[in-house]
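Here is how the chains run, residue by residue.
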Amino acid sequence: MNSAVLLRSQIESRIPSAFAVYRRPQHKFIPTGISQIDDLGGIPLGALTEICGSQLASSGKTSLFISLLAQAATEREMFCALVDASDAFDPTSAEAAGVALSRLLWVRCGKTRQKLPPLEQAFKVADILVQSGGFGLIAVDLGGIPERVVRKVPLASWFRFSRVVEKQPTALVFIGQQPHATSCAGLVLNLKNRPGIWPGNLLTNLCVEAEVVRALDRKPAGSVRPVFSLKSQWA
Amino acid sequence: MFACLTTPDFPVQAALCSEPEHRRELLKQSPVVVVDGPASLLRVVAANQKARRAGIAIGMTKLQPESFGVVVIRKRSAQYEDAAQTALLDCARSFSPRVESTAPGTVTFDLQGTEKLFGPARHAAQKIALCAREFGFDANIAVAANPGTALHAARGFQGITVIPAGEEAARLASLPVDVLVPSPEILDILESWGIRTFGALAALPPISLSERLGQDGLQLQRLAIGKIERTLVPVEPSDDFTESFEFEDPVETLESLTFILNRLLGQVCMRLASRSLATNELRLKLELEARQVKTGAEKEIYERIWKLPLPIADAKVLFRLACLDLNSSSFAAPVKRLMVEAVPAKPRSAQGGLFAPVSPEAEQLEITLARIRSVVGSADEVGVACVGSPEVLDSHRPDSFMLKSFSTKPAKPVTRAIPASVFVLRLFRPALVTSVEVSNGKPRSVLLGRRLLLVLAASGPWCGSGQWWNASSAWAREEWDVALKTPEGTGFYRVFLDRLRKQWFVEGMFD
């Protein structure tokens with residue numbers, strides 16, 4: 001027996017987990033209610049998900065999130081939290097989309113004269129919520145925050161979020177313009193609309209193309225580009 | 001069986017009850033006196049055993065004990081004594097529902113039928129002593145067959161005394177007659193006869209005693225024998241769970257304030273727990289030093305009320321809630337008095353469901369919400385809360401909502417089916433002021449930020465109005481859903497013309 005093996009066996013006898021390989025837990029998923037996305041698995045619990053889309057053009061990122069919220073809060077009766085960095089959430093639309101608003105905790109950032117800017121408020125609140133536990137879905141909407149500001153969030157913050165949420169049955173979803181969490185994210189969806197869809201005199205359809213930028217359980221990630229159509233409430 | 005709980009030197013113990021626990025234990029080892037009277041002529045009204053051994057007597061002026069050296073002097077406070085008496089009653093109520101407030105510092109209660117709960121009389125007495133200790137009192141406990149005997153035994157003997165039925169006269173015989181608290185005239189007469197103990201009084205012939213002292217004398221003799229029966233007069237339990245503390249010197253630091261707050265909350269929760277209650281509303285009142293308040297606009301009293309969604313009796317949770325609020329508050333002057341009041345409520349009885357969805361822990365949730373409020377604030381400029389559960393108001397006015405307190409109580413199940421894949425509006429709050437170029441009655445271009453964007457398609461106008469009877473809240477608008485050509489693709493927006501202000505706004509984007 002060489003010295004390395006001997007040393008290893010001695011350490012393992014004292015600290016059995018010293019050389020154990022860390023295995024990520026198997027993820028469970030929440031369906032989004034959009035079959036094309038659900039075919040890919042849905043939104044993973046115990047992982048960080050980024051839903052990205054343009055700030056100027058309609059990308060369907062908010063609609064996808066609201067659909068997810070309806071599935072989590074109404075269908076699965078989970079308690080959900082929305083940290084709204086730019087106060088863009090529309091309760092009327094959400095209720096029409098079937099969200100059980102009584103199970104939603106809505107935190108509106110940047111509405112009072114607090115010392116912290118909205119982005120920092122949102123991250124602090126998300127941290128408090130993730131640490132407190134008990135929420136099935138925690139969403140942080142950074143869609144209205146300028147991209148140059150979000151880019152300054154250190155990678156350590158994303159890493160901490162991903163490690164904390166990993167041990168909880170919680171889906172942590174960030175909604176923004178661009179993905180920032182890099183390898184800390186379990187799923188990154190980039191959405192954009194397909195131009196030229198305006199049949200008749202009413203706005204009734206929004207055709208969205210989703211690109212799976214990153215997925216833990218699907219490789220290569222970019223190989224799938226589901227396309228789905230969103231209808232208006234009056235259609 | 002009746003138990004009597006009495007606290008020797010009650011004014012001293014009541015004064016020390018307001019001290020923090022470790023300090024109270026230290027003070028009990030020192031001579032302590034309580035003074036009362038006009039400020040110019042304060043006199044000693046109570047002293048503990050250490051002080052009496054040091055030579056301090058009741059009636060001395062304040063200057064006299066001061067000359068003894070290390071003597072702790074406290075001013076008598078009726079408020080502290082009331083609070084201490086209430087605490088004693090609460091302590092007794094954790095053993096019996098029939099509790100009599102016999103005298104200041106003395107409570108008598110009925111232990112009949114509690115043997116199965118608290119065991120034999122001696123065990124019950126030990127538990128009572130332990131409970132009184134938790135409330136901060138050094139008490140004498142006596143258990144006897146009638147309230148009078150229990151009272152005299154508690155007053156006369158230190159520690160725990162249990163007098164079995166039939167042995168009253170023999171056990172009380174050694175007590176001095178002044179324990180009976182006779183009138184000064186009778187006490188003088190008994191003294192002149194050489195009658196100094198219960199035993200000596202009991203041995204006197206009743207007829208001769210009646211001829212010389214009348215019915216009062218006979219009554220005293222019966223009490224000394226321990227054979228007198230009387231009915232207990234129970235007091236109604238008070239729902240006032242208030243604790244207060246007045247600082248000798250007004251405090252400016254949060255540490256000093258929270259230190260006392262923690263203790264007061266502990267006392268309130270202990271009293272609630274002794275009555276098997278919890279609280280769903282906590283009130284905190286801080287009286288500020290009035291002389292240092294500079295402007296008339298500042299209040300001299302800071303008051304805060306927490307309405308809790310579920311009854312809580314955990315002092316730690318309440319303390320953290322209060323601390324989070326105090327941390328984010330600033331006061332115009334030092335705090336001179338602190339008062340905590342808990343509104344009693346029945347404790348929550350909830351059974352966890354094996355298949356119930358995961359939810360935040362109810363007690364922990366309140367702290368989480370308070371922490372979030374300390375980050376984002378409580379309400380915006382309009383007065384709408386920043387943290388809570390949204391509720392759409394029954395109004396045609398767009399963006400009408402309110403935020404109600406978020407709770408994990410089981411909500412009514414939503415019976416309506418979830419519509420499949422609908423797109424929603426992402427709002428700009430407040431709506432962005434813009435200018436719209438209109439051609440042939442339809443928007444042609446919209447100014448978004450600094451960009452003039454071409455309208456590819458428009459749907460509208462959708463007109464709406466309301467509150468026309470009220471000039472201040474009237475609204476009238478003309479909505480358009482427009483497709484704008486942006487550098488990043490097509491954006492579907494909702495713009496509207498405020499017909500009262502003649503101004504265009506961008507309400508939101510369909511996203």
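Residues numbered from 1 in each chain as written. Chains lettered and ligands numbered in written order. Predicted model: local features only at pLDDT ≥ 70, side-chain atom pairs only at ≥ 80, totals over all residues.

## Considerations on the packing of helix H14 (residues 315–327) of chain B against helix H15 (residues 362–376) of chain B
Residue and element names in this part refer to chain B.
Phase 1: For the pair H14 and H15, the least separation of the axes is 10 Å and the interaxial angle reads 5 degrees. By the angle between their directions, the pair H14 and H15 is classed as roughly parallel. From H14, Val317, Arg320, Leu321, Leu324, Asp325 and Asn327 reach across to H15, where they touch Glu363, Glu366, Ile367, Ala370, Arg371 and Ser374.
Phase 2: Partitioned by chemical class, the residues of the contact of H14 with H15 number five nonpolar, two polar and five charged. (Axes fitted to C-alpha atoms, helices over the stretch in contact; angles between N-to-C directions. Helix = DSSP H or I, 4+ residues; strand = E, 2+ residues; numbered from the N terminus. Parallel < 35°, antiparallel > 145°, perpendicular 65-115°, else oblique. Contact = placed C-beta atoms within 7 Å. Nonpolar A, V, L, I, M, F, W, Y, C, P; charged D, E, K, R; others polar.)

## What to know about the packing of helix H13 (residues 254–274) of chain B against H14(B)
All names here are of chain B.
Phase 1: Closest axis-to-axis distance for the H13/H14 pair is 9 Å, and the angle between their directions is 150 degrees. On the basis of their axis angle, the class for H13 and H14 is roughly antiparallel. Crossing of H13 against H14: the hand is right-handed. Seen from H13, the contacting residues are Leu254, Leu257, Thr258, Leu261, Asn262, Leu265, Gly266 and Cys269; seen from H14, they are Ala315, Leu318, Phe319, Ala322, Cys323, Leu326 and Asn327.
Phase 2: Residue composition of the contact of H13 with H14, by class: 11 nonpolar, four polar and no charged. (Left-handed = near helix turned anticlockwise from the far one by under 90°.)

## As for the interface of chain A and chain B
Phase 1: Each side of the interface is counted separately: chain A has 70 residues, and chain B has 53 residues.
Phase 2: Among the elements of the structure, helix H3 (61–75), helix H4 (91–96), strand E5 (104–108), helix H5 (118–132), strand E8 (185–193) and strand E10 (227–231) of chain A are those that each provide at least two residues to the side of chain A that touches chain B.
Phase 3: When residues in the side of chain A that touches chain B are grouped by element, the largest group, eight residues, is from H3(A).
Phase 4: When its residues are assigned to classes, the side of chain A that touches chain B shows 30 nonpolar, 27 polar and 13 charged.
Phase 5: Bridge count for E5(A) against strand E13 (residues 387–392) of chain B is two bridges, and the pairing is antiparallel. Each bridged residue has a counterpart across the sheet, and for Trp106(A) the counterpart in E13(B) is Gly388(B). (Pairing = 2+ DSSP bridges.)

## Description of the pairing of strand E2 (residues 32–36) of chain B
Residue and element names in this part refer to chain B.
Phase 1: Of all five residues in E2, four are buried, a share of seventy percent or more.
Phase 2: The pairing of E2 with strand E4 (residues 72–75) spans four bridges and is classified as parallel. By the bridge assignment, Val35 is partnered in E4 with Lys75.
Phase 3: Pairing analysis gives four bridges linking E2 to strand E3 (residues 43–47), with the strands arranged antiparallel. Its bridge partner lying in E3, Val33 is registered against Ala47.
Phase 4: Between E2 and E3, which pair antiparallel one after the other, the connecting turn spans six residues, and Gly37 there sits at a positive phi close to 125 degrees. (Buried ≥ 20, exposed ≤ 12 C-beta atoms within 10 Å, placed from the backbone.)

## Points about the sheet that holds strand E15 (residues 425–434) of chain B
Residue and element names in this part refer to chain B.
Phase 1: Ordered by their spatial adjacency, seven strands build an open sheet running E15-E21-E20-E19-E18-E17-E16, and the pairing between neighbours is antiparallel. Two strands lie at the open edges of the sheet, namely E15 and strand E16 (436–439), each paired on one side alone. Across the sheet, the mean angle from the axis of one strand to that of its neighbour is 30 degrees, orientation sign disregarded.
Phase 2: Direction of pairing for strand E20 (residues 489–498) relative to strand E21 (residues 503–510): antiparallel, over a ladder of seven bridges. Each residue of the ladder has a partner; that of Phe496, found in E21, is Phe505.

## Re the domain arrangement of chain B
Residue and element names in this part refer to chain B.
Phase 1: Domain annotation of chain B identifies domain 1 (2–18 + 77–225), domain 2 (241–347 + 361–369) and domain 3 (425–510).
Phase 2: Put simply, the middle of domain 1 and the middle of domain 2, counted by C-alpha atoms, are 37 Å apart.
Phase 3: With 10 residues of domain 1 at the contact, the number on the domain 2 side is seven residues.
Phase 4: Within the side of domain 1 that touches domain 2, the residues separate by chemical class into four nonpolar, three polar and three charged. (Domains from an automatic or database assignment.)

## Some words on helix H1 (residues 10–17) of chain B
Phase 1: The element H1(B) is extensively covered by neighbouring structure, given that seven of its eight residues are classed as buried.
Phase 2: Structurally, H1(B) contributes buried residues whose contacts are with helix H2 (21–28), E2, E3, E4 and helix H5 (78–93) of chain B.

## Quick look at the environment of Phe95(B)
Residue and element names in this part refer to chain B.
Phase 1: Following the sequence through the fold, Phe95 ends up in the loop between H5 and strand E5 (99–103).
Phase 2: As a C-alpha pair, Phe95 and Val34 span 61 residues in sequence and 31 Å in three-dimensional space.
Phase 3: If sequence neighbours within four positions are ignored, Phe95 has contacts with Phe109, Leu111, Thr114, Phe118, Ala124 and Ile128.

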